[in-house]
Amino acid sequence: GAVLAEEVEILGRLGTLRIPDPYGPARPLRVFLRRPWRDRPADRWLDLPVEPVDPWQAVVEAFAGAVRSGAVPEPGLDDAAAALATVLAIYRSARRSRFERVERPVLPRALR
């Protein structure tokens, strides 16, 4: 299979961002800027180091803290609905071979 090949690529008007798999080995965040930004040059790939983090530990600790304090957990239902809408748009895009807009879903009032 593909080794160290899983990543998310986000294309934008001002550049491209490649985000490595947060559950895999630590790798740098890669960015391609179409124009300079701060001290970063344009028109070449830049590796930005990121501090390694255990994503599972962060999620469990945040959820446990919300339960203990009685707060609404983050990420919450709105975030889950948005993530699902994004994944469904990715599948539609792959199936139709075209850009698909991600529409942020509106949760019923009882779930907000």
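Residues numbered from 1 in each chain as written. Predicted model: local features only at pLDDT ≥ 70, side-chain atom pairs only at ≥ 80, totals over all residues. Heavy atoms only, no water.

Draft legend 1. Local environment of the environment of Ala82. Residue position: Ala82 is located in helix H2 (residues 77-96). For Ala82, a relative accessible area of 15% gives the class buried. Separated by 11 residues in the primary sequence, Ala82 and Ala71 place their C-alpha atoms 20 Å from one another. Setting aside residues up to four positions removed in sequence, Ala82 forms contacts with Arg104 and Pro105. (Helix = DSSP H or I, 4+ residues; strand = E, 2+ residues; numbered from the N terminus. Buried < 20%, exposed > 50% of the residue type's maximum accessible area, 1.4 Å probe, protein only. Contact = heavy atoms within 4.5 Å.)

Draft legend 2. Up close: the confidence of the model for the protein. The share of residues in the protein with pLDDT of 70 or more is 93%, and the mean pLDDT across the chain is 87. For the protein, the element scoring lowest by mean pLDDT is helix H1 (residues 55-69), at 89; strand S3 (residues 29-33) scores highest, at 95. (pLDDT = per-residue confidence, 0-100.)

Draft legend 3. Region of the structure containing H2. Helix length check: H2, at 20 residues, gives a terminal C-alpha distance of 28 Å against a target of 28 Å (1.5 Å per residue), a fit within 8%. By the burial criterion, the buried members of H2 are Ala81, Ala82, Ala85 and Ala89. Seen from one end, H2 has its buried residues packed into an arc of 95 degrees, which puts them on one side. For H2, exposure combined with an orientation more than 90 degrees from the buried face picks out Ile90, Tyr91, Ala94 and Arg95. (Expected span 1.5 Å × (residues − 1). Arc of directions from axis to C-beta.)

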